[in-house]
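A look at the structure
Here are the chains, one letter per residue:
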Amino acid sequence: MTSHSAVPTSSPDSIPSLVSPILVASTFATPAATPLKLGVMASGSGSNFEAIAQAIADGQLHAKIPVLICNNRNAKALERAERWGIPSVLLDHRTFASREDLDRQIAETLKQHGVEWVIMAGWMRRVTQVLIDAFPDQMLNIHPSLLPSFPGIRAVEQALQSGVKISGCTVHYVHLEVDSGPIVMQAAVPILAEDTPATLQARIQVQEHRIFPPAIALAAAQRAGVDPTTFFSTPANHKVS
């Protein structure tokens, strides 16, 4: 595990965090011939979606996002997609007879856009085996705790109520049981005596934005049997902190 340096105390990320495993490379080792095609699913603000889009734009993550799928017509994620010029599709879960019917349409939409990896970035619906079978071992989720601790909803509140001193976030493969799939990458965030759910969530979210792009690269590289830096690079002028 590698310790991150402190940043100014005015930042929500003012406390150093630990990330494992961490990928650092000044250039792509051997860039993949074609970028990863990521289908992102989001229900809310879409900040992790935007972090991934920014990593792509910055030349860190060798990927592209052909489509964003959202189930909430009021989600800010849709606004972010429009700003980035990324096509979005609204699939309101309320209009489907069952979770399986929704997931069947999601899978069809993703495949129509040539998606290789499904990225759940704040998707607030349980997925079914229908979607998992459509993209076996090609679905990733991010969760605001150090799994296997505190799965499910209100993970930040769970951590604070439990009295633990360290929380964080986890990128993991999606399995049918909520937040149960194998772990790809984690970031640990200290819990402070004065923390509230809002302050702890803010610091965890900074780490979510940091680890999701390299975690995607790591998972894709493991599946392809190549070096992770085939898909992920830290530009020379980018400071990992």
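As a reminder, the structure under discussion sits directly above these lines.
Attention in this report is confined to the structure presented alongside it. (Residues numbered from 1 in each chain as written. Predicted model: local features only at pLDDT ≥ 70, side-chain atom pairs only at ≥ 80, totals over all residues. Heavy atoms only, no water.)

1. Describing the nonpolar core
L38, W117, I119, L140, V184, F212 and I216 are the most contacted members of the largest nonpolar core, which has 51 residues in total. Per-element accounting of this core gives the leading share, eleven residues, to helix α6 (residues 197–224). Among residues more than four places away in sequence, those in contact with V184 are P21, L140, V171, H172, Y173, A215, L218 and A219. Counting 19 residues, the second-largest nonpolar core is a separate cluster that includes A107, V115, M120 and W123. (Core = buried A, V, L, I, M, F, W, Y, C linked by side-chain atoms within 4.5 Å. Buried < 20%, exposed > 50% of the residue type's maximum accessible area, 1.4 Å probe, protein only. Helix = DSSP H or I, 4+ residues; strand = E, 2+ residues; numbered from the N terminus. Contact = heavy atoms within 4.5 Å.)

2. Brief notes about unusual backbone geometry
Phi is mostly negative for residues that are not glycine, and the peptide bonds are mostly trans. Here the bond from S20 into P21 is cis, since omega is -15°, no more than 30 degrees from zero. Note on placement: P21 falls in the loop between β2 (18–20) and β3 (36–42). For the bond from L147 to P148, the omega torsion is 15°, close enough to zero to count as cis. The phi angle at D137 is positive, at roughly 55°, despite the residue not being glycine. Residue position: D137 is located in the loop between α4 (129–134) and β7 (139–143). Even without being a glycine, R154 presents a positive backbone phi close to 55°.

The values reported here are purely geometric and, on their own, carry no functional implication.
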